[in-house]
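Descriptive structure summary
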Amino acid sequence: MAPRKTVPLSPDLAQMLAGHRKKFKEQDWALAWYLAAECCARFHASHGLAFEPIAHSGLGYYGIAVRPLACKANGHSNQPILGRFTICGDAENWVPGGPGSNRLGLSGMLHEGKITPEEALPAAIRHLRLPLIPLENHYRCRHKARGASYVLLFRLSAMLALHLPMGEVSLWNDWEAFDRLARECDPHVGKKEHPGLFLFGLSGDENVVIAGDGRVLRSRDPSPSLWERHMAGESEVALARWLLDQMKAS
């Protein structure tokens, strides 16, 4: 059996993206995960934006949505999706026209050499019309004080997406997954502004479930909070390797 092709894990997502594009198909989910992770680092804590892989009925994975969190500043009711990064990494702004409209073809521009990944990021931010300064003050919101753990979990998700080819790894953190699993495995399910759940898995293997604040809710081997491990000095690469081991990928 031939060894699985992988891209070396690195905290440099642009480097991993370049490796992924060389090793696997150009038109897959690598660009979307790179752009979403970089936007998450910029807009989650300060602006209250969540970045969630979404599924389309009958089609499966449908890209990564950009959604305002239900928080004190945004309002606690369900918030409409602002847009998404498509499967191949194009940016869609859903505010003026709804799903599928107003698309910026970043994947084609990257494939044709018209832009670099570093240039694609500001282009995506401009197209999605994400305000550089938050429109509302989020100082009382949970994501403002504790959002760094969510950003860490999303970065780990992106590292795994760039490490393996699309189709070999399952990565979810949408509210559908939260509804399905939270009451079953999270004792903090009733908390306001819950940080959500991250699911990591491989085809046929049981999911690893981590809360957005870093608590390990389901894994093959017990572990302290990934956020606490990170704050104690463990690197992102070490945490990603632990997740791979739990997913039986090593």
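Predicted model, so just to flag it, every value in this text is computed and none were measured.

A separate point is the packing of helix α5 (residues 142-163) against helix α8 (residues 236-246). For the pair α5 and α8, interaxial distance at closest approach is 10 Å and the crossing angle is 65°. Classed by the angle they form, the pair α5 and α8 counts as roughly perpendicular. Here the hand of the crossing between α5 and α8 comes out right-handed. Where α5 abuts α8, its residues Leu152, Arg155, Leu156, Met159, Leu160 and His163 lie against Glu236, Val237, Leu239, Ala240, Leu243 and Leu244.

With that settled, consider the state of the cysteines. The full count for this structure, using the stated rule, is 0 disulfides. Free cysteine cysteine 39: the closest other cysteine sulfur is in cysteine 40, separated by 8.8 Å. Cysteine cysteine 71 is unpaired, with the sulfur of cysteine 141 as its nearest cysteine sulfur at 3.7 Å. What makes cysteine 71 buried here is its relative accessible area of 1%.

Its location among the elements puts asparagine 78 in the loop between β2 (60-68) and β3 (83-85). Look at asparagine 78 and you get exposed, because its relative accessible area is 76%. When the C-alpha atoms of asparagine 78 and glutamate 118 are compared, they prove to be 32 Å apart, with 40 residues separating the residues in sequence.

Attention shifts here to unusual backbone geometry. If you check the backbone angles, arginine 129 has positive phi at about 55° while not being a glycine. Of note, arginine 129 is situated in the loop between α4 (117-128) and α5. The class for arginine 129 is exposed, based on a relative accessible area of 66%.

Conventions and cut-offs
- Residues numbered from 1 in each chain as written.
- Predicted model: local features only at pLDDT ≥ 70, side-chain atom pairs only at ≥ 80, totals over all residues.
- Heavy atoms only, no water.
- Axes fitted to C-alpha atoms, helices over the stretch in contact; angles between N-to-C directions.
- Helix = DSSP H or I, 4+ residues; strand = E, 2+ residues; numbered from the N terminus.
- Parallel < 35°, antiparallel > 145°, perpendicular 65-115°, else oblique.
- Left-handed = near helix turned anticlockwise from the far one by under 90°.
- Contact = heavy atoms within 4.5 Å.
- Disulfide = S-S within 2.5 Å.
- Buried < 20%, exposed > 50% of the residue type's maximum accessible area, 1.4 Å probe, protein only.

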